[in-house]
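The primary structure of each chain is shown beneath.
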Amino acid sequence: MPDIKVTPLGAGQDVGRSCILVSIGGKNIMLDCGMHMGYNDDRRFPDFSYVTQNGRLTEFLDCVIISHFHLDHCGALPYMSEMVGYDGPIYMTHPTKAICPILLEDFRKITVDKKGETNFFTSQMIKDCMKKVVPLNLHQTVQVDEELEIKAYYAGHVLGAAMFQIKVGLESVVYTGDYNMTPDRHLGAAWIDKCRPDILISESTYATTIRDSKRCRERDFLKKVHETVERGGKVLIPVFALGRAQELCILLETFWERMNLKAPIYFSTGLTEKANHYYKLFITWTNQKIRKTFVQRNMFEFKHIKAFDRSYADNPGPMVVFATPGMLHAGQSLQIFKKWAGNEKNMLIMPGYCVQGTVGHKILNGQKKLEMEGRATLEVKLQVEYMSFSAHADAKGIMQLIRMAEPRNMLLVHGEAKKMEFLKDKIEQEFSISCYMPANGETTTVVTNPSVPVDISLNLLKREMALGGPLPDAKRPRTMHGTLIMKDNSLRLVSPEQALKELGLSEHQLRFTCRVQLHDPHSDTDTLGRIYTHLKSVLKSYSIQHVPDGTVIVESIVIKVTASAEEPNLKVVLLSWSYQDEELGSFLSTLLKKGLPS
């Protein structure tokens, strides 16, 4: 039986370094190639030795697909292609291709230039890696080779994020990457057609969460920011340069305008100017409202939000600062946090998920004393708030996508094991499909049962209808009898007459014969009479004839009796039938072997 194998090299029962290997119809595809925010050693990147032990990556992989530009999905790409060695095609959407190298270069600067790490990719490697990228549009079917095709669907989440359908022959897999089922202020909701894949591989970051109304969360966020600013405090909001950042900037910009507030709002790093440039460039990827108002007013040109300079952190008085990165594991957000942590007037608002091992994760878990570099201890006195503005699907959203795509099997990645376990049970219960959650390096094998489409001739359908069977119903399978013709890679079911005519063949009658021995002291004619009576009593709904030429006929079945030359009491019953009555013929031979009633 054909099967599909899925092996996570990263994001198996874990959030971070998404990298999933899929083997389908003899093809090998790598889905995402990310890094882990919680580690600074070898565990930062996926374990490619799983593949390289059998030779080079290029020989093994048919293609690499990147779902979106977040580093936990693309951060290991230059390492994989330039340092481990891969020369094949890398597929991603146009916005992802534009933004990915900027984030990779920023990540490289922090890691190499600031922290002084050596075993790392260079700026040139990022450029060489991006030369291998093949950009694609939404709903465009791309033929990777003769058998393998891929197609991208809108995923929401961040600008350019896509879900991918991978198809080889009749087998298919859908990989969601990260997605959001609810539209927000700048992006639409994820969408896919009823493609019924063999496996749907879905992220499960918020597997057990059902988020409250977005409006309440936004109101709460604005209230907290406003209160802090009013009492002269500073608000730090750690974000990743693209995605939630734009969402929250739009929210604060509108609020500041409405309330006529004067406290400054800053955005750290030059990344955001570039980010907003790309939002303008790829305006078609945003939601309808932004596209409509774009002509009169560009939502990404902010009046109240200014670029941040690191000297501003020491300025007196209230301010709001958006700083990168979002999990407080490095960079400017961590620097500002260290300066502001000791003042209870200040506030830290964490708008998204934090991976274990990051400073953000420790603070959210209530840690009040943090050990920083050089053994220094940092006391956390500022107020900490967690408000999920994360652009991931919650449990309700994941269930909604399953209803949309109608997969035959489900596989969860990019989530915590305990939460996955809960969602897995829920999915199996509600949809009656198998759900898997492999750990890193563990392979899940799903046996596929490909359904082969067959065209049926109109004449054959009419004949079936004339026989008075039930009306065709798409939900109820039903048996059709005919001749299967395969021509130009397509299959047709036609009537035997039509098949003979099309193929220029003459008809042959195929009959089966069977001999049954009976001990019966009567004459041949009497034995045949007794068989006739016995069959009349057993087969009440069939037409049974006793013909004068010494035969009994049931449908197409002919029964004759002859005496054995050696033993007069031993009769040989000869049965003969056409292939249409195969079932009835077998039943009669079994019945007669049991003998006749005395």
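Treat the numbers as computed from the prediction; the structure is a model and nothing was measured. (Residues numbered from 1 in each chain as written. Predicted model: local features only at pLDDT ≥ 70, side-chain atom pairs only at ≥ 80, totals over all residues. Heavy atoms only, no water.)

Undergrad: If you had to explain the overall build of the protein chain to someone new, which residues and values would you point to?
TA: Regarding its fold elements, the protein chain presents 18 helices and 30 strands. Against the 2.2 N^0.38 benchmark of 25 Å for 598 residues, the protein chain shows a C-alpha radius of gyration of 35 Å, more extended than a compact globule. On the principal axes, the C-alpha backbone points of the protein chain span a range of 120 × 50 × 45 Å. Considering only contacts within the protein chain whose residues lie at least 6 apart along the sequence, 70% involve residues at least 24 apart. Of the accessible surface of the protein chain, which amounts to about 28,900 Å², a share of 51% is contributed by carbon and sulfur atoms. Taken together, the 72 basic and 68 acidic charged side chains of the protein chain have centroids lying 7 Å from each other. (Helix = DSSP H or I, 4+ residues; strand = E, 2+ residues; numbered from the N terminus. Rg over C-alpha atoms; globule rule 2.2 N^0.38 Å. Contact = heavy atoms within 4.5 Å. Areas by Shrake-Rupley, 256 points an atom, 1.4 Å probe, with all protein chains shown as cover. Lys, Arg positive; Asp, Glu negative; His and termini not counted. Charge placed at Lys NZ, Arg CZ, Asp CG, Glu CD.)

Undergrad: Describe the layout of surface pockets, with residues and values.
TA: For the second largest pocket, the calculated volume is near 750 Å³. Lining the second largest pocket we find 20 residues, and of these Arg463, Pro496, Glu497, Tyr579 and Gln580 sit closest to its centre. Elements supplying a minimum of two residues to the lining of the second largest pocket: helix 15 (458–466) and helix 16 (496–503). When its residues are assigned to classes, the lining of the second largest pocket shows nine nonpolar, seven polar and four charged. Here the lining of the second largest pocket gathers at least three residues from each of two domains, domain 3 (455–496) and domain 4 (511–593). (1 Å grid on protein atoms, 1.4 Å probe; cavity = no way out; pocket = protein on both sides within 12 Å on 5 of 7 lines; lining within 4 Å. Points joined across faces, edges and corners; volume = space filled by probe spheres on them. Nonpolar A, V, L, I, M, F, W, Y, C, P; charged D, E, K, R; others polar. Domains from an automatic or database assignment.)

Undergrad: Lay out the sheet that holds strand 7 (residues 141–143) with the relevant residues and their values.
TA: An order of 7-8-9-10-11-20-21 is seen for the seven strands of this open sheet, with the pairing classed as mixed. Since the sheet does not close on itself, it has two edges, and those belong to strand 7 and strand 21 (434–436), each with one partner. In this sheet, neighbouring strand axes are inclined to one another by 20° on average, regardless of whether the strands run parallel or antiparallel. Summarising the sheet, strand 20 (residues 409–413) and strand 21 pair through three bridges and their orientation is parallel. Bridge pairing in strand 21 links Asn409 to Ser434. Of the strands in this sheet, strand 20 and strand 21 touch helix 14 (residues 417–431), which is tilted by about 165° from strand 20. (Pairing = 2+ DSSP bridges. Axes fitted to C-alpha atoms, helices over the stretch in contact; angles between N-to-C directions.)

Undergrad: Now, about the packing of helix 13 (residues 395–405) against helix 14: what can you tell me, with residues and values included?
TA: Where helix 13 meets helix 14, the closest approach of the two axes is 12 Å, and the angle between their N-to-C directions is 35°. Of the two elements, helix 13 crosses helix 14, and the hand of that crossing is right-handed. Between helix 13, through Ala395, Ile398, Met399, Ile402 and Arg403, and helix 14, the contact on the second element is made entirely by Leu423, Lys426, Ile427, Glu430 and Phe431. (Left-handed = near helix turned anticlockwise from the far one by under 90°.)

Undergrad: Give me a nonpolar patch on the surface: which residues, what numbers.
TA: Among the surface-exposed residues, Leu170, Val452, Val454, Ile456, Leu458, Leu461 and Leu484 lie close enough to one another that they form a single nonpolar patch of about 590 Å² accessible area. Of all the secondary structure elements, the ones that give two or more residues to the nonpolar patch are strand 23 (454–456) and helix 15. Relative to the helices and strands, Val452 is located in the loop between strand 22 (444–447) and strand 23. (Patch = residues over 30% accessible without salt bridge, like charges linked within 9 Å, V, L, I, M, F, W, Y side chains within 5 Å. Salt bridge = Lys/Arg side-chain N within 4 Å of Asp/Glu carboxyl O.)

Undergrad: Before we move on, could you go through the pairing of strand 22 and cite the residues and values that matter?
TA: Only one face of strand 22 is covered, namely the one carrying Thr444 and Val446; the face carrying Thr445 and Val447 has none of its residues buried. Bridge count between strand 1 (residues 3–10) and strand 22: four bridges; the pairing is antiparallel. The residue of strand 22 that forms the bridge with Lys5 is Thr445. (Buried < 20%, exposed > 50% of the residue type's maximum accessible area, 1.4 Å probe, protein only.)

Undergrad: Please provide a residue-by-residue account of the sheet that holds strand 15 (residues 319–323), values included.
TA: The strand order across the open sheet built from six strands is 14-13-15-12-16-19, with neighbouring strands paired in parallel fashion. Each edge of the open sheet carries a strand with a single partner, namely strand 14 (305–307) and strand 19 (383–386). When the angles between neighbouring strand axes are averaged without regard to direction, this sheet yields 25°. Relative to strand 16 (residues 347–350), strand 12 (residues 234–238) runs parallel, the two sharing two bridges. Across the sheet, residue Val235 finds its bridge partner in strand 16, namely Met347.

Undergrad: I'd like a rundown of unusual backbone geometry, residues and numbers included.
TA: With omega at -5°, the peptide bond leading from Thr324 into Pro325 counts as cis. Within the secondary structure, Pro325 is located in the loop between strand 15 and helix 11 (331–340). Residues other than glycine seldom take positive phi values, yet His139 does so here, at roughly 60°. Along the chain, His139 turns up in the loop between strand 6 (133–136) and strand 7.

Undergrad: For the pairing of strand 24 (residues 483–487), give the residues involved together with the corresponding values.
TA: Sheet faces and side chains relate simply in a regular strand, where the side chains alternate between the two faces. With five bridges connecting them, strand 24 and strand 25 (residues 490–494) associate as antiparallel partners. Within strand 25, the position partnered with Ile485 by the bridge is Arg492. Counting the residues that bridge the hairpin from strand 24 to strand 25 gives two residues, and of these Asp488 lies at a positive phi of roughly 50°.

Undergrad: Please give an account of the nonpolar core that cites residues and values.
TA: One finds Ile201 and Phe337 to be the most contacted residues of the largest nonpolar core, which totals 127 residues. Looking at this core, the element that brings in the most residues is helix 5 (residues 94–114), giving seven residues. Both domains that furnish three or more residues to this core are identified here as domain 1 (3–210 + 392–440) and domain 2 (214–386). With near-sequence residues (within four places) excluded, Ile201 lies in contact with Val6, Ile20, Val22, Leu31, Val173, Val174, Tyr175, Thr176, Leu411 and Val413. Core analysis: the next-biggest nonpolar cluster, separate from the first, contains 29 residues, Val239, Ile250, Phe255 and Ala263 among them. (Core = buried A, V, L, I, M, F, W, Y, C linked by side-chain atoms within 4.5 Å.)

Undergrad: Tell me about the environment of Cys100, and please be specific about residues and values.
TA: Position of Cys100 relative to the elements: it lies in helix 5. With relative accessibility at 0%, the residue Cys100 sits in the buried group. Taking the C-alpha atoms as reference, Cys100 lies 8.7 Å from Met130; in sequence the two are 30 residues apart. Not counting chain neighbours up to four residues away, the residues in contact with Cys100 comprise Phe69, Cys74 and Met130.

Undergrad: Residue-level account of the environment of Ser490, with values.
TA: Tracing the backbone through its elements, the reader meets Ser490 in strand 25. The partly exposed category is assigned to Ser490, whose relative accessible area is 34%. Through-space distance from the C-alpha of Ser490 to that of Ser333 is 60 Å; in sequence the pair is 157 residues apart.

Undergrad: Quick one: what's the story with the domain arrangement of the protein chain, residue by residue and with numbers?
TA: Here the protein chain is described as being made up of domain 1 (3–210 + 392–440), domain 2 (214–386), domain 3 (455–496) and domain 4 (511–593). Inter-centroid distance (C-alpha atoms) of domain 3 to domain 4 is 34 Å.

Undergrad: Explain helix 6 (residues 123–130) to me, and be specific about the residues and the numbers.
TA: Burial in helix 6 covers these residues: Ile126, Cys129 and Met130. For helix 6, the arc enclosing every buried residue in end-on projection is 95°, short of the 170-degree limit, so these residues lie on one face. (Arc of directions from axis to C-beta.)

Undergrad: Before we move on, can you summarise the side chain of His186 with the specific residues and values?
TA: With respect to the secondary-structure elements, His186 resides in the loop between strand 10 (171–175) and strand 11 (199–203). Residue His186 is classed as buried on the basis of its relative accessible area of 0%. One polar contact links His186 to Glu247, side chain to side chain, over a distance of 2.7 Å. (Polar contact = N/O pair within 3.5 Å; in protein donor to acceptor, adjacent residues only side chain to side chain.)

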